[in-house]
Amino acid sequence: MNTLKVTGSPAEQGQQHGEHFRDKILELCALRRELFYGYFDNKDGSIINPILMKHIKTLKNYPEYYLEFKGISQAANVSETDLLILNAYTDLRDFADSKLPLDDGGCSTFSVANKHSSICGQSWDMHASAEPYLFHLSSEGEVNKEILTLTGCLAMAGVNQFGVSILVNNLFCTDVSFGLAWPSVVRGLLDQKNALESYQFLTKNIPSSGHNYLICGPIQSMSVETTGNKTEVVSNYQTEGNIFHTNHYLSELSEHENKNRMNQSTFPRYDKLSQFFSQLSEEPLDIESLGNCLFSTDGESSVFVNKTKEPNSPMTCGGILVDIKNRTGVSFVNSFSLGDHHRFSWK
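Heads up: these notes are all about the structure in this document. (Residues numbered from 1 in each chain as written. Predicted model: local features only at pLDDT ≥ 70, side-chain atom pairs only at ≥ 80, totals over all residues. Heavy atoms only, no water.)

Taken in spatial order, the six strands line up as β11-β2-β3-β12-β13-β14 in an open sheet, and their pairing is antiparallel. Looking at the sheet topology across the chains shown, the edges are occupied by β11 (241-245) and β14 (340-345). Strand after strand, the sheet turns through a mean of 10° between neighbouring axes, direction not considered. In terms of strand pairing, strand β12 (residues 314-323) meets strand β13 (residues 328-333) through six bridges, oriented antiparallel. The residue bridging glycine 319 from the neighbouring strand is phenylalanine 332, located in β13. (Pairing = 2+ DSSP bridges. Helix = DSSP H or I, 4+ residues; strand = E, 2+ residues; numbered from the N terminus. Axes fitted to C-alpha atoms, helices over the stretch in contact; angles between N-to-C directions.)

Okay, structure coming up:
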């Protein structure tokens, strides 16, 4: 699995990221630009360009995230608008006027804790052509972070030095805004010292469209759904319990759900997770067993979305698992059982 360690200021970290993965960033920008424009009936820029520029204007209100974003853009020699599409692709599609259904992304997330263990994780389901661009980013700064992301993308999921883990599901939403691009929201959540502070950051910095954020920490975990204007806590626990989510709303925010664009694998994946956690014993848990049960290529509890011959059809491209108590984790490409792993720890 590709990895990169970055240090220094936000601008310096962006520069290192952009230089190291320049070719892959250029490739992924071109790929996602083509996919993104395909969702718009009007492709002359009169509708698309203002959407992109308003999102970049919002991002500039957050200097630490904008400077990193700008550093990537300059070092990789890609425009800020193309880099925004690479980063916020799933949210930006919700602004599209096309009626075409969307079915190239998903993700399954979970958090579980008992008196022995506290582990969380997610699969990353996306258009199959995204898999070669998945990598693990170690960021050393004011708050150290271990991040699963794509080349050119600020963050998709991860954990920080305080044991705060952030996992994300895309939700299909009609209530959009020119909010903070969701990878920057993930970075903001990972800058906090505990789960409550992360939740408070989210309520004040809502992304531009629908997501579920699974915010996990050493003493508290919570599941929070958003639209482009609202947040709602779905469930939470302290010390012991479990939470899981796929790609449909569970809260009253479902009134904003765009069911015509919903990923249809969301319900069977949710049912599998529900059954798995309802039968889980109070024995000690570990990354290996949970990864193999949930993110392998087969098995009755697996939520893995199988490989496809179509480059833009959905599949599980990889994922991340975090052992909060033991301060260790694994990022992986493809499935957990067969994929390429990167193991990490933090102090």
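Turning to the pattern of salt bridges, a few remarks are in order. Within the structure shown, the criterion is met by six salt bridges. A salt bridge links arginine 187 to glutamate 68; the nearest nitrogen and oxygen atoms lie 2.9 Å apart. Placement of arginine 187 in helix α6 (residues 182-190) and of glutamate 68 in helix α4 (residues 63-76) is noted, with a sequence separation of 119 residues between them. Like glutamate 68, arginine 187 is buried. With its nearest N and O atoms 2.8 Å apart, the salt bridge here joins glutamate 288 to arginine 343. Residue glutamate 288 is found in helix α9 (residues 287-294), and its partner arginine 343 is found in strand β14; the two are separated by 55 residues along the sequence. (Salt bridge = Lys/Arg side-chain N within 4 Å of Asp/Glu carboxyl O. Buried < 20%, exposed > 50% of the residue type's maximum accessible area, 1.4 Å probe, protein only.)

Right, let's get into α9. Among the residues of α9, those classed as buried are Ile287, Leu290, Gly291 and Leu294. Axial view of α9: buried residues confined to an arc of 100°, hence all on one face. Considering only its buried residues, α9 is in contact with β2 (109-113), β3 (118-127), α8 (266-278), β12 and β13. (Arc of directions from axis to C-beta. Contact = heavy atoms within 4.5 Å.)

The end-to-end C-alpha distance of helix α5 (residues 80-92) is 14 Å, clearly below the 18 Å that 13 residues give at a rise of 1.5 Å each. Along α5, the sharpest kink reaches roughly 60°, centred on leucine 86. The buried count for α5 comes to 12 of 13 residues, which makes it a mostly enclosed element. (Expected span 1.5 Å × (residues − 1). Bend = angle between axes of the 7 residues up to and from the residue.)

This part is about the sheet that holds strand β1 (residues 2-7). Spatially, the eight strands line up as an open sheet ordered β1-β4-β5-β6-β7-β8-β9-β10, and their pairing is mixed. In this open sheet, the two edge strands, each paired with only one partner strand, are β1 and β10 (231-237). For this sheet, the mean angle separating the axes of adjacent strands, direction not counted, is 20°. Bridge count for strand β5 (residues 145-150) against strand β6 (residues 157-160) is four bridges, and the pairing is antiparallel. Looking at the pairing, isoleucine 147 lines up with glycine 158 of β6.

By size, the foremost hydrophobic cluster in this structure holds 83 residues, and its most contacted members are Ile25, Ile166 and Tyr213. Broken down by element, the residue count for this core peaks at seven residues, all from α5. Judged by nonpolar contacts, the second largest core, of 17 residues, contains Phe277, Leu285, Leu321 and Phe336. (Core = buried A, V, L, I, M, F, W, Y, C linked by side-chain atoms within 4.5 Å.)

Throughout the structure, instances matching the rule amount to 15 aromatic pairs. Ring geometry for phenylalanine 36 and tyrosine 37: centres 5.9 Å apart, planes at 90°, overall edge-to-face. By relative accessible area, phenylalanine 36 is classed as buried at 0%. Grouped by ring-pair contacts, the aromatic residues Phe110, Phe244, Tyr270, Phe276, Phe277, Phe295, Phe332 and Phe336 constitute a single cluster. (Phe/Tyr/Trp six-rings, centres within 6.5 Å; stacked < 30°, edge-to-face > 60°.)

With respect to burial, β13 is a largely interior element, five of its six residues being buried. Between the antiparallel neighbours β12 and β13 lie four residues, among them arginine 327 with a positive phi of about 60°. Examined bridge by bridge, β13 and β14 share six bridges and lie antiparallel to one another. Bridge assignment links threonine 328 to a residue of β14, and that residue is serine 345. Turn length for the β13-β14 hairpin, with the two strands adjacent in sequence and antiparallel, is six residues, and the turn residue asparagine 334 shows positive phi of about 70°.

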